[in-house]
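# Remarks on the overall topology
Residue-level listing of the chains:
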Amino acid sequence: MKYALVTGGSRGIGKAVCLELARKGIPVIINYQSDSDAAQEVKKLVEAEGTQATLMRFDVGIKEEADAALLKWEEQHPDDYIAYLVNNAGIRRDSLMFMMSDDNWHEVIKVALDGFFYVTRRLLPRMMMRRHGGRIVNMASLSGIKGMAGQVNYSAAKAALIGATKALAQETASRNVTVNAVAPGFIETDMTRELPAGELKKLIPMNRFGKPEEVASLVSFLLSDQAAYITGEVISINGGLYT
Ligand code: NAI
C-alpha cells in the first residue's frame, strides 16, 4: 500500500494537507514534534473520512529521531512504502540580521533544510525502487523567492529548499519520482497570526490571506497522477502578491 507522510501535520497547512489526502483515500502518516493532543485530533479527523491515520512523533531536524521513527515504521510495514512525502515542517524566527542570534539562524535552517534532507534521504531508496510514481512536495515560501526583510534566515532556508527541489528532481525523474516546491504568500495559520494582517492585506492584490485548504489543494494536485509530468517546479500561491 502507498502511504503519505506529512511533516508538521498537526496544525496549519500540514493539517489541511492531511485532511485533503484523507478525502482522497490515501493513508496518512502524521508527523508532529510535540503537540500530541493536536496530532490526535488530526488523526481522528482523518479517520472520520474513512482513511487510515498513523501518528509519528519526531523532530525533523534531528537525524537520529527521524531515522529511528521511519525505520520502525518500515519494519512494521515490509510490504508498504511512503510514496507521497510532504516536507511541510517549518518555523520562523524573524529579526533584522544585524541582531540575529546564532540560534535563530541555525534553528530555522535546521527545521526547513536539515529536516528536508534527513526525511527525504531516508525515503528515497524505496520510492525510487518501486518506480510507481513517487511524489515529493517541499513547502517553500514567497520569502525564498523574493527575500523578505527581517527573514534572512527564513529566506535563505526556503531559497535553499528551492535549489534542492530542482536538483533532486533531476536525480529522480527517470524513476518517475517528481519533486516540486510550493511557495505560499501569506496564509492564515499560527505562523502568521501575530502579523499586522490589516496592513499586509493592502499589499495583496486579492486583499486577503490564503487559507490552508487552498494550499492543500495545490499540494494534493502535485501528489496526484495528473501531475506526473510536472517536476522541478516552484508553484506560487499568494493571491497575486509576487513582488
Ligand atoms: P504552523 O506554525 O501552523 O505549522 C508548522 C508546523 O511545523 C507545526 O505543526 C509545527 O509543529 C511543525 N514543526 C516545526 N518544527 C518542527 C520540527 N522540528 N519537527 C517536526 N515538525 C515541526 O505554520 P504553517 O503556516 O502551517 O506552516 C507550514 C509550512 O508552510 C512551513 O514550512 C512554513 O514555513 C510554510 N509557509 C507558511 C506560510 C504562511 O503564511 N503561513 C507562508 C509560506 C510558507
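Residues numbered from 1 in each chain as written. Predicted model: local features only at pLDDT ≥ 70, side-chain atom pairs only at ≥ 80, totals over all residues. Heavy atoms only, no water.

### Structural notes on the overall build of the protein chain
A tally of regular secondary structure across the protein chain gives eight helices and seven strands. The C-alpha radius of gyration computed for the protein chain amounts to 17 Å, which stays within 12% of the reference 18 Å derived for 243 residues, consistent with globular compactness. Dimensions along the principal axes, computed over C-alpha positions, put the protein chain at roughly 50 × 35 × 35 Å. With an accessible surface of roughly 11600 Å², the protein chain has 52% of that area assigned to carbon and sulfur atoms. When the 28 basic and 28 acidic side-chain charges of the protein chain are each reduced to a single mean position, those positions are 4 Å apart. (Helix = DSSP H or I, 4+ residues; strand = E, 2+ residues; numbered from the N terminus. Rg over C-alpha atoms; globule rule 2.2 N^0.38 Å. Areas by Shrake-Rupley, 256 points an atom, 1.4 Å probe, with all protein chains shown as cover. Lys, Arg positive; Asp, Glu negative; His and termini not counted. Charge placed at Lys NZ, Arg CZ, Asp CG, Glu CD.)

### A look at unusual backbone geometry
Of note, the phi angle at N176 is positive, near 65°, even though the residue is not glycine. By secondary structure assignment, the location of N176 is in the loop between α6 (152–172) and β6 (178–184). Positive phi is not limited to glycine here, since N207 has a value of about 60°. Mapping N207 onto the fold places it in the loop between α7 (197–201) and α8 (212–222).

### Here we look at the layout of surface pockets
Empty space left among the atoms is revealed by rolling a probe the size of a water molecule over them. Looking at the largest pocket, its volume works out to about 1000 Å³. Contributing to the lining of the largest pocket are 46 residues, with R11, G90, I91, R92 and M191 lying nearest its centre. Mapped onto the lining of the largest pocket, the elements with two or more residues apiece are α1 (12–23), β2 (28–32), α4 (102–130), α5 (142–146) and α6. When the residues that make up the lining of the largest pocket are grouped by side-chain class, the tally is 19 nonpolar, 17 polar and 10 charged. The volume enclosed by the second largest pocket comes to roughly 180 Å³. As for the second largest pocket, its lining consists of R131, H132, G133, R135, A173, N176, V177, T178, D225, A228, Y229 and T231. By residue class, the composition of the lining of the second largest pocket is four nonpolar, five polar and three charged. (1 Å grid on protein atoms, 1.4 Å probe; cavity = no way out; pocket = protein on both sides within 12 Å on 5 of 7 lines; lining within 4 Å. Points joined across faces, edges and corners; volume = space filled by probe spheres on them. Nonpolar A, V, L, I, M, F, W, Y, C, P; charged D, E, K, R; others polar.)

### With respect to empty space enclosed by the protein
Under the criterion given, the structure shown has one cavity of 30 Å³ or more. Considered as a void within the structure, the largest cavity measures approximately 60 Å³ in volume. In terms of lining residues, the largest cavity is bounded by T7, V60, N87, N88, A89, V111, A112, G115, F116, V119, K158 and L161. Every element with two or more residues in the lining of the largest cavity is listed here: α4 and α6. With five residues, α4 is the single largest residue contributor to the lining of the largest cavity. Of the residues belonging to the lining of the largest cavity, the class tally is seven nonpolar, four polar and one charged.

### Some words on the environment of V177
Along the chain, V177 falls in the loop between α6 and β6. When the C-alpha atoms of V177 and M127 are compared, they prove to be 7.2 Å apart, with 50 residues separating the residues in sequence. Beyond its immediate stretch of four places on either side in the chain, V177 contacts M127, M128, G134, I136, T172 and T231. (Contact = heavy atoms within 4.5 Å.)

### Some details on the UniProt feature "domain: Ketoreductase" (unreviewed entry) in the protein chain
Per the UniProt record, the feature "domain: Ketoreductase" (unreviewed entry) sits at residues 2–190. The distance from the first to the last C-alpha atom of residues 2–190 is 30 Å, and the span holds 50% helix and 18% strand. (UniProt positions renumbered as here; feature names shortened; annotations may be inferred.)

### Quick word on the pattern of salt bridges
Oppositely charged side chains are able to pair whenever their charged atoms sit close together. Summed over the entire model, instances satisfying the criterion amount to 11 salt bridges. Shared partners join several salt bridges into a network, and the residues in it are R11, D190 and R193. (Salt bridge = Lys/Arg side-chain N within 4 Å of Asp/Glu carboxyl O.)

### Some remarks on the sheet that holds strand β5 (residues 135–139)
Backbone hydrogen bonds hold the strands of a sheet together, and the pairing may be parallel or antiparallel. An order of β3-β2-β1-β4-β5-β6-β7 is seen for the seven strands of this open sheet, with the pairing classed as parallel. With partners counted over all chains shown, the strands left at the sheet margins are β3 (53–57) and β7 (234–237), one partner each. Averaged over all neighbouring strand pairs, the angle between strand axes comes to 25°, with direction disregarded. Running at roughly 165° to strand β1 (residues 2–6), α1 makes contact with β1, β2, β4 (81–87) and β5 of the sheet. Across the sheet, α4 touches β1, β4 and β5, and the angle it forms with β4 is around 150°. (Pairing = 2+ DSSP bridges. Axes fitted to C-alpha atoms, helices over the stretch in contact; angles between N-to-C directions.)

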